[in-house]
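Listed here are the chains, written in short residue letters.
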Amino acid sequence: MKRPAQLLRTAVVGGVTLTLSLSLAACGNSGDSADGGSDKIHILVYGDAANKVEKQLVETFNKTSKVKAVLDTIPGADYQAKLQTIISGKQAPDVFFNWGGGSIKPYVDAGLLMPLDDFIAKDPGLQSNFLPSVFNTAVVDGKPYGVPMRGTQPVLLFSNKKVLADAGVAAPRTWSELLTAVKTLKAKGVTPIALGGGDKWPTQMWFQYMYDRVAGPDLFQKAVGGDKSAWASPDSKKALVMLKELIDTGAFGSNYDSVKFTDGGSPALLATGKAAFELMGSWEYSTLQDAYPDFVKKDLGYGSFPTVEGGKGDPNNLAGNTNNYYSVLKSTEHPEAVAEFLKLMYSDEFVKAQLGIGNLPTTTNTPKFLDGSVNPAYSTYQYELVKKAPAFQLSWDQAYPPAATTTIHQAVQQFFNGQMGADAFIAAMQTLPAA
């Protein structure tokens, strides 16, 4: 899930039922025309600020298409649960927003989704116009089931450059340098690393990168594919030992489980100089820009996760949210119209509109328009990272089916706060269903 949308939870939860009933009233293939068919395709998306781009593209499509597109939304905080209740019924959309990976695997297994092979055979650009590491996230059982439709969200190590300079610390390139920086910052009375542990998913980010840097991407791919022995492997145990070493240094302070990203707590620690680093998705930039523009202008630093000496993972590997995707239901009455709509996802109009709201599309034509983004230097840095990444590990709670999320979040939180040792963590992860 794109994490900033979670900030909408308290604002919209009271209006979920009303909004859903209004926005989905026309959704589905139950028939709008006299012959019982439909002359519309329904596009279901995650309701947030990015919807203005999706509305724009629907309007563009409708200018030339006989079959009209209708945009339906579900408020972000309730999207996955509501999608599950409508996807196999009369309100099912023709096309719907998702995160690829485990978020669509149950629907593939249920036979609800259309493989996009035929679309791609007719228009190879539906695949070739996207960065491979991103497109492949929506490949399930060897078949493509999604087209990227928003922006990439790699997890980066953000820093407060003034805090680092005052402490005489450089941005760490290796794990050893990070441990040394933590000790120096602690001695200066600064919390080395801000962590919104109260949300749990920010804690998960440390596991994602640690496992990749120690073991490479294959270990997690085996685990998410159902190989439970991967969690008990020597590399898995090594990653946990190294994480425990970082935790035990006091790198995250003592109150991280009472801090949240979603209420602005952890970004505030970084921006106000109370912490030196925060590992967070690329949306950290826009979050800080809104709340602390002067800090972003003068003192915000960002870089990739440190290299682990002797590790098997390529230092260019990324973790995070590769993108969001549009998938297509087999039940659609207008596959040709859907295919035409999906072509807009690599159009110049799409790229410029997404960059205009701070998203970073993963299309091959994106570099032509980076100068028009909210921050060209930051956008270019991200794009180059994603372009050269040999592997881009999808967030664990999205790579696995939604039913696994609670187990994952509880395990990472309890390991961090000392309630669960390595063996118990491994045992918990071995209970997860295969994606």
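Residues numbered from 1 in each chain as written. Predicted model: local features only at pLDDT ≥ 70, side-chain atom pairs only at ≥ 80, totals over all residues. Heavy atoms only, no water.

### Description of unusual backbone geometry
Turning to step 1, where the next piece is worked out: Positive phi, normally seen in glycine, also occurs at Asp141, with a value near 55°.
Turning to step 2, where the next piece is worked out: Its location among the elements puts Asp141 in the loop between β4 (139-140) and β5 (143-144).
Turning to step 3, where the next piece is worked out: For Asp141, a relative accessible area of 61% gives the class exposed.
Turning to step 4, where the next piece is worked out: Its identity is not glycine, yet Lys200 carries a phi of approximately 70°, on the positive side.
Turning to step 5, where the next piece is worked out: Residue placement: Lys200 occurs in the loop between β8 (191-194) and α11 (201-215). (Helix = DSSP H or I, 4+ residues; strand = E, 2+ residues; numbered from the N terminus. Buried < 20%, exposed > 50% of the residue type's maximum accessible area, 1.4 Å probe, protein only.)

### Things to note about the pattern of salt bridges
Turning to step 1, where the next piece is worked out: Enumeration over the complete set of coordinates arrives at twelve salt bridges.
Turning to step 2, where the next piece is worked out: Asp109 is the salt-bridge partner of Lys105, the closest N and O atoms lying 3.0 Å from each other. With Lys105 and Asp109 both in helix α5 (residues 105-109) and four residues apart, the pair spans about one turn of that helix.
Turning to step 3, where the next piece is worked out: In this structure, Asp235 engages Lys312 in a salt bridge whose closest nitrogen and oxygen atoms are separated by 2.7 Å. Placement of the pair is Asp235 in helix α13 (residues 234-248) and Lys312 in the loop between β10 (300-303) and β11 (318-321), with a sequence separation of 77 residues.
Turning to step 4, where the next piece is worked out: Its relative accessible area of 17% is what places Asp235 among the buried residues.
Turning to step 5, where the next piece is worked out: Salt bridges sharing partners connect three or more residues here, namely Asp48, Glu54 and Arg150. (Salt bridge = Lys/Arg side-chain N within 4 Å of Asp/Glu carboxyl O.)

### Details of the pairing of strand β2 (residues 68-75)
Turning to step 1, where the next piece is worked out: Where strand β1 (residues 40-47) meets β2, eight bridges bridge the pair, whose relative direction is parallel. Within β2, the residue paired with Ile43 across the bridge is Leu71.
Turning to step 2, where the next piece is worked out: Crossover β1 to β2 through helix α3 (residues 51-64) is right-handed. (Pairing = 2+ DSSP bridges. Right-handed = clockwise from strand over helix to strand, strands pointing away.)

### Focus: the pairing of β11
Turning to step 1, where the next piece is worked out: Across two bridges, strand β7 (residues 153-160) lies against β11 in antiparallel orientation. Across the sheet, the residue bridging to Gln153 is Asn321, located in β11.

### Describing the layout of surface pockets
Unoccupied space between atoms shows up once a probe the size of one water molecule is rolled over them.
Turning to step 1, where the next piece is worked out: Quantified by volume, the second largest pocket comes out at close to 530 Å³.
Turning to step 2, where the next piece is worked out: Lining the second largest pocket are 20 residues, with Asn136, Thr137, Val139, Gln221 and Val224 sitting closest to its centre.
Turning to step 3, where the next piece is worked out: Elements with a minimum of two residues in the lining of the second largest pocket: β4, α12 (217-224) and β13 (392-394).
Turning to step 4, where the next piece is worked out: For the lining of the second largest pocket, a count of residues per class yields ten nonpolar, eight polar and two charged. (1 Å grid on protein atoms, 1.4 Å probe; cavity = no way out; pocket = protein on both sides within 12 Å on 5 of 7 lines; lining within 4 Å. Points joined across faces, edges and corners; volume = space filled by probe spheres on them. Nonpolar A, V, L, I, M, F, W, Y, C, P; charged D, E, K, R; others polar.)

### Here's the deal with the confidence of the model for the protein chain
Turning to step 1, where the next piece is worked out: Counting all residues, the mean pLDDT for the protein chain is 90, and 91% of those residues have values of 70 or more.
Turning to step 2, where the next piece is worked out: The low-confidence segment residues 1-36, where pLDDT is below 50, has 72 contacts with residues more than four positions distant or belonging to other chains. (pLDDT = per-residue confidence, 0-100. Contact = heavy atoms within 4.5 Å.)

### Concerning helix α10 (residues 175-187)
Turning to step 1, where the next piece is worked out: Taking 1.5 Å of rise per residue, 13 residues should cover 18 Å, and α10 covers 19 Å from first to last C-alpha, within 8% of that figure.
Turning to step 2, where the next piece is worked out: Considered for burial, the residues of α10 that qualify are Trp175, Leu178, Leu179, Ala181, Val182 and Leu185. Buried residues along α10 cover an arc of 160° about the axis, so they all sit on one side. In α10, the exposed positions angled more than 90 degrees off the buried face are occupied by Lys183 and Ala187.
Turning to step 3, where the next piece is worked out: Elements in contact with the buried residues of α10: α9 (161-167), β8, α11, α13 and β9 (275-281).
Turning to step 4, where the next piece is worked out: Two residues or fewer after α10 comes Gly189, characterised by a positive phi angle close to 80°. (Expected span 1.5 Å × (residues − 1). Arc of directions from axis to C-beta.)

### Considerations on the packing of aromatic side chains
In this description, an aromatic ring pair is defined by two values, namely the gap between the centres and the angle between the planes.
Turning to step 1, where the next piece is worked out: Following the criterion strictly, the structure yields 34 aromatic pairs and no others.
Turning to step 2, where the next piece is worked out: On the basis of an interplanar angle of 75° and a centroid distance of 5.3 Å, the ring pair of Tyr211 and Trp396 is categorised as edge-to-face. On the criterion of sequence distance, the pair formed by Tyr211 in helix α11 and Trp396 in helix α20 (residues 396-399) is long-range, its members being 185 residues apart.
Turning to step 3, where the next piece is worked out: Note on Trp396: relative accessible area 0%, which makes it buried. (Phe/Tyr/Trp six-rings, centres within 6.5 Å; stacked < 30°, edge-to-face > 60°.)

### As for the sheet that holds strand β6 (residues 147-148)
Turning to step 1, where the next piece is worked out: Across the sheet, which stays open at both edges, the five strands sit in the order β2-β1-β3-β12-β6 with mixed pairing between neighbours. Each of the sheet's edge strands pairs with one partner strand only, and the pair in question is β2 and β6.
Turning to step 2, where the next piece is worked out: Direction of pairing for β6 relative to strand β12 (residues 325-328): antiparallel, over a ladder of two bridges. Counterpart to Pro148 in the pairing with β12 is Tyr325.
Turning to step 3, where the next piece is worked out: Against the sheet, α3 touches β1, β2 and β12, its axis set at about 165° to β2. (Axes fitted to C-alpha atoms, helices over the stretch in contact; angles between N-to-C directions.)

### A few points about the side chain of Gln204
Turning to step 1, where the next piece is worked out: Its location among the elements puts Gln204 in helix α11.
Turning to step 2, where the next piece is worked out: Among the polar contacts listed, one links the side chain of Gln204 to the side chain of Gln208, at a separation of 2.7 Å. (Polar contact = N/O pair within 3.5 Å; in protein donor to acceptor, adjacent residues only side chain to side chain.)

### A closer look at empty space enclosed by the protein
Turning to step 1, where the next piece is worked out: Evaluated as defined, the whole model comprises two cavities of 30 Å³ or more.
Turning to step 2, where the next piece is worked out: Lining the largest cavity are Gln80, Leu83, Gln84, Phe96, Asn98, Trp99, Ser103 and Tyr107.
Turning to step 3, where the next piece is worked out: Of all elements in the fold, only α4 (79-86) and β3 (95-98) reach the threshold of two or more residues within the lining of the largest cavity.
Turning to step 4, where the next piece is worked out: Counting residues per element, the lining of the largest cavity draws most heavily on α4, at three residues.
Turning to step 5, where the next piece is worked out: In the lining of the largest cavity, the residues fall into four nonpolar, four polar and no charged.
Turning to step 6, where the next piece is worked out: Lining the second largest cavity, in full, are Ala223, Gly226, Asp227, Lys228, Trp231, Tyr400, Met429, Leu432, Pro433 and Ala434.
Turning to step 7, where the next piece is worked out: Taken together, the residues of the lining of the second largest cavity sort by class into seven nonpolar, one polar and two charged.

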